[in-house]
Amino acid sequence: MELTIDGITCDLGTESIAVPGYDASQTEVLDAAREGRSLTLEIPFSKRNDPILGHARDPNSTEAFNKSLHRAELSLDGARMIEGTVRLLAVEDNLYRIEIRSGGAQWAELAARSNLADLEFDWQTRLTPTNIFESWKSSDPVKFLPVHHDSYEQVNSSSDLLPAERILAVEDYHPFLHLAPIVEQIFANAGYRVKSNFFASDLFQSLYMSGAYVSHDTAAAVNRMGFFARRLAPATAAANESGRVWANPDVQANSLGNIVETATPQSIDTDGEVVSGLFNNGNCFSIHNGKIVFTPPSEVDVGFEYYLKYTTQHRILSRTRLKGFDTIYLGTNANFEFQLANRYEDMRNNITINFTYRVIVFNHEEGSQYRLTFTRNGVNNIVWTSFSTRSALVTTPVSGMVANPGLQIYNGSEWIEYTDDWALYKGYIGETGETTVDVKLRSQAEHITPESPKFFNQIYITGADEGMQITLHKECSLRPLFRSGPAHGSIINFADVSRQSIRQSELLEALAHLFNLRFYTEPGTQTVWIEPEPEFYDTGNTVDWSRRTDLSQPVIREQTAPLIHETRTWELQDGDGAVSRFNAEEQTTLGAWSIKAESYATMQGEKKLRNPLFAPTLNSAGHYLNAPSALLPQVGDRDDAEDDGTNFSTRIVRYVGIKPLPDNERWGYPSGRNEYPLAAFLFAGDGQTDPFTLGFEDRDGAQGLHRYYDRQLHREEVGERISLALKIPPHEFAALFTPGTGSPDIRSVFLISTGNGTVRAILRKIESYDPRKASVRCLFERIDQL
C-alpha cells in the first residue's frame, strides 16, 4: 500500500487498512452524498511524515495542517483505493490520525449551505412588455410567462358591443426559471461537471420552476397607514389636441378630476350604493386644496396599485388594433403603453345572403377607387359594389350562393387586386365606437415622508384622437403597496426573481423525487453522474462475475418485501385555489399516485413520499378575452386574504414554446400576434405536442411520473437481496468507482452465483475492503425476476 499527501509519499504503519466500500443509498439521498466515502487511518511519527503533517507533534510548531486544503491518495500496485481531501484528526501515541474524504462532499455541502438566489447568472433586464415578450424565445435563464391569478370573475355592465378588454400588465407575467442551467450552475460552482443523458433530454430541457420576488410582512404598515380609495361617480372628458385627458382637478379643460375620490368607510356612490372595502388607517389619505394626497406618519418606501376601468371612444385602425386611449401616465418612471385590440370579427370567410356588411380599407388614400367582388353561384369576380371612401356599407343578394369576397383598386387604367390591409365587418359595426378597458397597474416604490407627501395630480391618459371621449367608471380604485418588489420599468437580475427561501440542495431533492434520480460522484474527475433509476443501471450489458463467489463464506438471501410498506403514495405539495376546488369536485388529489403491494410480507400501513418543493398547477382557458383559447396556469387563491397577487407556492411546469391561436384571436401588447407562450404542469396534447404531466398519476392521456419508479417498485415487491463474498482484485475494486471506462462499475448489472444457481443483480453495498485479502462482502439486489 502507498499513501501520498499532496503528491509526497508517506510512511505507513504495520496495521492492515480496510478501504471503505460503497452504499447505493448514498446515490439516492443528497445528505448521504455530502459524506461520500471516508477512511480514517493512523500513520507513525517519522522524518518523512513530520513535515508533511506540519510538524503537528511539536506543540510549539507554528504550522497548522488543517489551515490549508490537502489531498491524499491511497493505492496498491497502482490501483487507487481512495483519494480525496485529507484532514488531521489527532496526534497521539507516536501516531498521526488522519481522515481521507472522497466523493460528493464538496458539491453536496455547498448546495446544502447555499440558497437559490446565491447562483450568479450574467442576466439583467428591465421589466417592460417588450422585454417580457422577447423572453419567450430567448435563451436567457428566465422567462416571463402569463399566469391567471385566482379571482372571482367580474361581471361586466358595459353597453359596448364587446365585453371589457382586460389589459395585461407586467404583473400578469411571472418569472419562471430554467432548471437546466440552474442545475448545471449548482455543480459548476463547486467545480464539478454533470454527465447525464436525462439532463440532455427534451423533457428536462423544457422544465421551468416559478420564481419569486422579495416578500415582506406588510400587515403592520397597512394597519398604521394603509388605505383603499374608490370613485363615487363616473367622470367623462374629451381629448385635447394631443389626444390627452388629465386626472387633475386643477386642470380646467380635458380633465377627469381626481383618479379616485374617497377612502371614507360607508361612503355612498352616485347610485345610492354603499362602496365596499373603503378604509383609511391613520387618515393618511386626504384631499388637500382639491387634490388627493397620501401623507404617511413617518418615512416609508411605498408603491401604489391603480385599478382603472374606463370606456374610450375608438376608431378601427387595422384588423388588429383600435385607436383610442391606450397610454396611462402615473408619474415618473410609470408610463404604461399598450394597444387596444380590434376584437371585431372579420367576416370575409363567412359571408351569407341578404345581410349588410361594412367594408373598411385601413390604409385608404384620398382619391382611391375600390371595387368589391365575390363569387356567386360558382361564378368568380362578380362586382358586388364600387366605392371611393375608407368604408362603405354593402348588402349581399337575397338569394343564391355567395363566397370569396375580394377587393380591387383602380390603378391607372385597370383594376388590380388590393394587397394592403382591409376587412369586412357586420354592418352595425361602425368605423368608430366604444370599448371598455380594465387594467390593474403597479408603480415602483418611492420614498415618501410626512414633509414630502405623495400627490396624485400628474396622472393623464392619452393615445386618442382629438375630441375622443373617455369615461372613468366608479369602480376605479387606489391603494398603497408597502413592499419593494419590482414593478413596470424596474431593472432586475437573477437574484431579484429567485427570492424563495430555497436551498439549492432542496431543489435537487425535489427533482430527484419527481424523476427517481440517482447521483453518483466520481471524485478523480469531479464528475457527477445523474440518471433516473431505470437508466442509472446499464441493464443492456451484463458483467459475468458468477465465478467470483467465495462459497467458503455464507450466502444470505433476504426478501425485499418486508422492507417496504403495503401502500406507498407519491404526491406533491398542497395545491392552491384552483387545484383545491378541482380536488374537492373530483374527489381526488391532483398529481398523487398510490401503489398497493400484493405481497403479504410488507409492513402494514401507508408511507407517503411528498415532494419537498413543488405544488401542482391547473391550466384553464377563457381568462383573457382577446385570446380565450389560451391555456394559462392558475395560481394563487381567491379566498386567501393575505394573497397580494405577487408570489405563490413554488411549482414546476414544462415550457413547450409558442402555440398558435385561432385566426380571430390575438395576444396583447406588445406581441399582437395570434400566438402565445404555453407552460403547463398538465397538458392534454394537441396536433403539435403530445400529452404530458408532471404529476405521478396517469391523466388526460399522459403517462405519469410513476413510470420512473415502476421497475424499482416491482423489484422491491417480488425480489430479494443477496449477501455474499466476492473475490475482487484491487485494480477491479478501484475501477468500480469510475463509471464509463468500460470496466465493471457500480452502475453495472452483474451475473452472480449463489451456490444454488446464477442470477442477474445490481450492486447495493460493498463492505470495507482489505486489498491484501482481495475479498469483500457485497449486497446485491436481484433483477432477473422482472
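Predicted model, so just to flag it, every value in this text is computed and none were measured.

**Q** Is there a simple way to think about the nonpolar core in this case?
**A** The nonpolar side chains of a soluble globular protein tend to be buried, and buried together. Grouped together as the largest cluster of nonpolar side chains are 85 residues, with contacts concentrated most on Trp107, Leu507, Leu511, Phe515, Phe614 and Trp667. Core analysis: the next-biggest nonpolar cluster, separate from the first, contains 54 residues, Ile167, Ile316, Ala334 and Ile429 among them.

**Q** Which parts of the structure should I look at to understand the sheet that holds strand β7 (residues 95-102)?
**A** The strands making up a sheet associate through backbone hydrogen bonding, with each pair oriented either parallel or antiparallel. Overall, antiparallel pairing links the six strands, which are arranged β2-β1-β5-β6-β7-β4 in an open sheet. Bordering the open sheet on either side are β2 (8-9) and β4 (37-44), each of which pairs with just one other strand. Across eight bridges, β4 lies against β7 in antiparallel orientation. Paired with Leu41 across the two strands is Ile98, which belongs to β7.

**Q** Is there a simple way to think about helix α11 (residues 710-718) in this case?
**A** Residues spaced three or four apart along an α-helix point in a common direction, a consequence of the helix completing one turn every 3.6 residues. Residues Gln712, Leu713, Arg715, Glu716 and Glu717 constitute the buried set of α11. Contacts from the buried residues of α11 go to β40 (517-522), α9 (533-536), β44 (565-571), β45 (593-596), β55 (758-766) and β56 (775-782).

**Q** Mind showing me how you'd approach the pairing of strand β9 (residues 142-146) here?
**A** Where a strand is regular, its side chains alternate between the two sheet faces. The buried fraction of β9 is high, at five of five residues. Alignment of β9 against strand β12 (residues 173-178), held across five bridges, turns out to be antiparallel. Residue pairing for β12: Leu145 is matched across the bridge by His174.

**Q** Is there a simple way to think about the pattern of salt bridges in this case?
**A** Here the idea is simple: oppositely charged side chains can pair when their charged atoms come close. Scanning the model with the defined rule gives 41 salt bridges in all. Of the charged contacts, one joins Asp50 and Arg57 as a salt bridge, the two residues approaching to 2.7 Å between their closest N and O atoms. Judged by relative accessible area, Asp50 falls into the buried class, the value being 7%. A salt bridge links Asp465 to Arg315, with the nearest nitrogen and oxygen atoms 3.2 Å apart. In this pair, Asp465 is assigned in the loop between β36 (460-462) and β37 (469-472) and Arg315 in strand β21 (residues 300-316), connecting sequence segments 150 residues apart. Residues participating in the shared-partner salt-bridge network are Glu28, Arg518, Glu533, Arg715, Arg721, Arg764 and Glu781.

**Q** Can you help me understand the side chain of Asn516 in this one?
**A** Turning to its location among the elements, Asn516 is positioned in the loop between α8 (504-515) and β40. A polar atom in the side chain of Asn516 sits 2.8 Å from the side chain of Gln712. Excluding residues within four positions of it along the chain, Asn516 makes contact with Glu531, Pro532, Glu533, Tyr708, Tyr709 and Gln712.

**Q** Sorry, what's going on with the environment of Lys309 here?
**A** Residue placement: Lys309 occurs in strand β21. You can call Lys309 buried: its relative accessible area is 3%. The spacing of Lys309 and Asn349 is 40 residues in sequence and 34 Å in space, taken between C-alpha atoms.

Here is what the cut-offs are and how they apply
Residues numbered from 1 in each chain as written. Predicted model: local features only at pLDDT ≥ 70, side-chain atom pairs only at ≥ 80, totals over all residues. Heavy atoms only, no water. Core = buried A, V, L, I, M, F, W, Y, C linked by side-chain atoms within 4.5 Å. Buried < 20%, exposed > 50% of the residue type's maximum accessible area, 1.4 Å probe, protein only. Pairing = 2+ DSSP bridges. Helix = DSSP H or I, 4+ residues; strand = E, 2+ residues; numbered from the N terminus. Contact = heavy atoms within 4.5 Å. Salt bridge = Lys/Arg side-chain N within 4 Å of Asp/Glu carboxyl O. Polar contact = N/O pair within 3.5 Å; in protein donor to acceptor, adjacent residues only side chain to side chain.

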